[in-house]
Structure formats: C-alpha cells, structure tokens
Amino acid sequence: MSAVQELLLLPLALLALQVPQQTRLPENLKTQDPSLNRTLFCRFRHSRFLTVCSSSFHSVASLCRGACVEVDSNTEAVVNEGFKLGCISCKKRGEVKATASVDWFFMASDETDESPIYSYDNKRGYTNDPRFMDRLAWNGSKKTNDLQEGSIYILNVTFNDTGTYKCIFTRILEYSNFEHPANATKIIHMKVVPKLTRGLASILSEVMMYVTIIGLQVWLAIEMIYCYRKISAAGEEALRESAAEYLAIASESKDNCAAVQEAE
C-alpha cells in the first residue's frame, strides 16, 4: 500500500476508533432468542459505524473545491456546426474575492478593425453584433460574478466567421482596504473548414497507443508462458527429489532392519 493510500485510509481508521463502542443491544431491540440478539447486536453496531462514516465523508467532500486550469481554445471549426471559443483566466489567489466581466471582439479575415460581438456582466450576456445575433451563447462560469471562464458557443458556424477573436477579462480584486484591477486578454485565430481534419500528431498518438497496447499484451503472454514453464519445471524437479529422497529413506530403513536381524 502506498503512502497516499495510507493517508487516505487514516481518517477512516481514526473515525472507527472514535465511534462509541456499544456493549449491549438496546432494550427495544431485544428478543427472546439469544442467537438472534447477537445477530441484531452486530448489525446494530455495523449500521452505526456506516452512518458515522458516511456523514463524515460527506462533510469532507463538501470542503473540496474545483481547480482552475488555463487551457487554450480549439481553433478549427466545421461549417454548419457549433463551436466553442474557449477563454479561461484563473485568479492567482483563489481566496481573494473578485468580480469580473468578459468582452468578446471579432475581426474577420478581410477586416482591419475589431468589432464588439458579445459582453457578459452581472450574470447576463448581450450580443452586440448583428452578424452573430441569436448565434452566441454563454458557456463560461455560471451563477457567480467571480468569473474565471469566459467561453462562448457559436451556433451554425459559417465561413464568414473565420478570423481573429479577442476575449478580454476585466477583473477587480477586492482586498480588505483597497481594490486592484487585474485584466487578461486571450486571442484566438479561428479557421472554418468544410470537414474536420485530424492532425499528424493526433494520428501518430493513436498509432502509438495501439502499438503500446499490443506490445504489452504480447509481453504479458510471453511472461505468463515463461513463468508457467519455470513453475512446471520446478515442480517436476521437486517431485524427482522427493521420490529420490523417499527411495533413499526406504533403502536405509531396509539396511537397518537387515543389520538388526543379523545382530539378533
């Protein structure tokens, strides 16, 4: 058992020690049959232990919090399908309260100026560009003003959606005595294609995965055959040694008997 597993099981062991030890069955559960009373007593203690354990695990799980990881957005969209523009900006210190808003800008491949297309503030989103009207949906942090993901989802992608997208986080960190602005900008160069194509790295990764799986299975089969032969050979050798030892003991006993008869 690894050290991590031991640490995970330690609270359960301590909890088992802290559960009050019931030395007798409660009066309202007793019956006239002593053997039935013993069975009920064991089940009663077991159920009390499981109840305490489950409540403790629930309280520990409620303390867990999700981690924020900044991941780059995909850049290749398929025409007439949906596409997620990913934009994640994590706070450096999760315990600091903050409020944030997100603004999206778009510049087509044949344009030179950026245009605001979407804004999200105070738990509400607004589409600002008629080209994306009824085609943009918020796909970021929900039910909070402390935004860390500002992703949006584009419905029914067209070839005209090819271009550069900019995501701007406007965040205000709220300390006890002052407020500190902390802005972040993410730029995505999106390309719309008729059909999704796989990259060379993806293909090589899949091929290597299958090669590794097949190689491990072949190695396992060879190892099993080798171990089986070794164990079989060791067993035969042990049988031969046992037979030889038995014959030696029998021969020695026969010689001893003959010597005793001659002495008599």
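This one's a predicted model, so the numbers in the text were calculated from it and none came from an experiment.

Asker: Tell me about the overall build of the chain, and please be specific about residues and values.
Answerer: When its secondary structure is counted, the chain shows three helices and nine strands. What you see in the chain, going N to C, is helices and strands ordered as α-α-β-β-β-β-β-β-β-β-β-α. About 19,500 Å² of surface is accessible on the chain, with carbon and sulfur atoms providing 59% of the total.

Asker: Quick one: what's the story with the packing of aromatic side chains, residue by residue and with numbers?
Answerer: Overall, the coordinates contain six aromatic pairs when judged by the stated rule. A centroid spacing of 5.4 Å and a plane angle of 80° characterise the contact between Phe106 and Phe132, whose relative ring orientation is edge-to-face. With Phe106 in strand β3 (residues 97-108) and Phe132 in the loop between β5 (124-127) and β6 (136-138), the pair connects residues that are 26 residues apart, well separated along the chain. The same class applies to Phe106 and to Phe132, which are both buried.

Asker: Requested: an account of the environment of Trp104, with residues and values cited.
Answerer: Within the secondary structure, Trp104 is located in strand β3. For the pair formed by Trp104 and Tyr165, sequence separation is 61 residues and the distance between their alpha carbons is 7.0 Å.

Asker: Please give an account of the confidence of the model for the chain that cites residues and values.
Answerer: Low-pLDDT stretches of the model should not have their predicted coordinates read in fine detail. With 66% of its residues at a pLDDT of at least 70, the chain reaches an overall mean of 76. Predicted confidence in the chain is weakest over helix α2 (residues 34-62), with a mean pLDDT of 47, and strongest over strand β4 (residues 115-121), with 95. Counted against residues more than four places away or in other chains, residues 46-64, with its pLDDT under 50, gives 11 contacts.

Asker: Tell me about the pairing of β4, residues and numbers included.
Answerer: Note that β3 and β4 share five bridges and pair antiparallel. In the strand pairing of β4, Phe105 is matched with Pro116. Connecting the antiparallel pair β3 and β4 is a turn made up of six residues. Relative to β5, β4 runs antiparallel, the two sharing four bridges. Bridged to Ser119 within β5 is Tyr126.

Asker: Provide a residue-level description of the pattern of salt bridges, including the pertinent values.
Answerer: In total, this model carries seven salt bridges according to the counting rule given. Across the salt bridge formed by Lys186 and Glu70, the nearest N and O atoms sit 2.9 Å from each other. Placement of Lys186 in strand β9 (residues 179-193) and of Glu70 in the loop between α2 and β1 (76-78) is noted, with a sequence separation of 116 residues between them. Glu149 serves as the salt-bridge partner of Lys84, at 3.2 Å between the closest nitrogen and oxygen. Note that Lys84 is positioned in strand β2 (residues 83-85) and Glu149 in the loop between β6 and β7 (152-154), a separation of 65 residues in sequence. Through salt bridges with shared partners, a single ionic network connects Glu111, Asp129 and Arg131.

Asker: Would you mind going over the sheet that holds β9 in detail, with residue names and values included?
Answerer: Spatially, six strands are ordered β1-β9-β8-β3-β4-β5 in an open sheet, and the strand pairing comes out mixed. Two strands in the sheet have a free side with no partner beyond their single neighbour: β1 and β5. Sheet twist, expressed as the mean angle between neighbouring strand axes with direction ignored, is 25°.

Asker: Which residues make up the side chain of Arg171, and what values do they have?
Answerer: Within the secondary structure, Arg171 sits in strand β8 (residues 163-174). The charged side chain of Arg171 is buried without a salt bridge, its nearest counter-charge being Asp146 at 4.5 Å. Among the polar contacts made by the side chain of Arg171, one reaches the main-chain carbonyl oxygen of Ser89 at a distance of 2.8 Å. The residues contacting Arg171, other than those within four sequence positions of it, are Ser89, Cys90, Lys91, Ala98, Thr99, Ala100, Leu147, Gln148, His180, Pro181, Ala182 and Asn183.

Asker: Which residues make up the side chain of Ser73, and what values go with them?
Answerer: Along the chain, the position of Ser73 falls in the loop between α2 and β1. Of the polar contacts made by the side chain of Ser73, one reaches the backbone nitrogen of Gly86; its length is 2.9 Å. Beyond its immediate chain neighbours, meaning those up to four positions away, Ser73 contacts Lys84, Leu85, Gly86 and Ile188.

The rules we used
- Residues numbered from 1 in each chain as written.
- Predicted model: local features only at pLDDT ≥ 70, side-chain atom pairs only at ≥ 80, totals over all residues.
- Heavy atoms only, no water.
- Helix = DSSP H or I, 4+ residues; strand = E, 2+ residues; numbered from the N terminus.
- Areas by Shrake-Rupley, 256 points an atom, 1.4 Å probe, with all protein chains shown as cover.
- Phe/Tyr/Trp six-rings, centres within 6.5 Å; stacked < 30°, edge-to-face > 60°.
- Buried < 20%, exposed > 50% of the residue type's maximum accessible area, 1.4 Å probe, protein only.
- pLDDT = per-residue confidence, 0-100.
- Contact = heavy atoms within 4.5 Å.
- Pairing = 2+ DSSP bridges.
- Salt bridge = Lys/Arg side-chain N within 4 Å of Asp/Glu carboxyl O.
- Axes fitted to C-alpha atoms, helices over the stretch in contact; angles between N-to-C directions.
- Lys, Arg positive; Asp, Glu negative; His and termini not counted.
- Polar contact = N/O pair within 3.5 Å; in protein donor to acceptor, adjacent residues only side chain to side chain.

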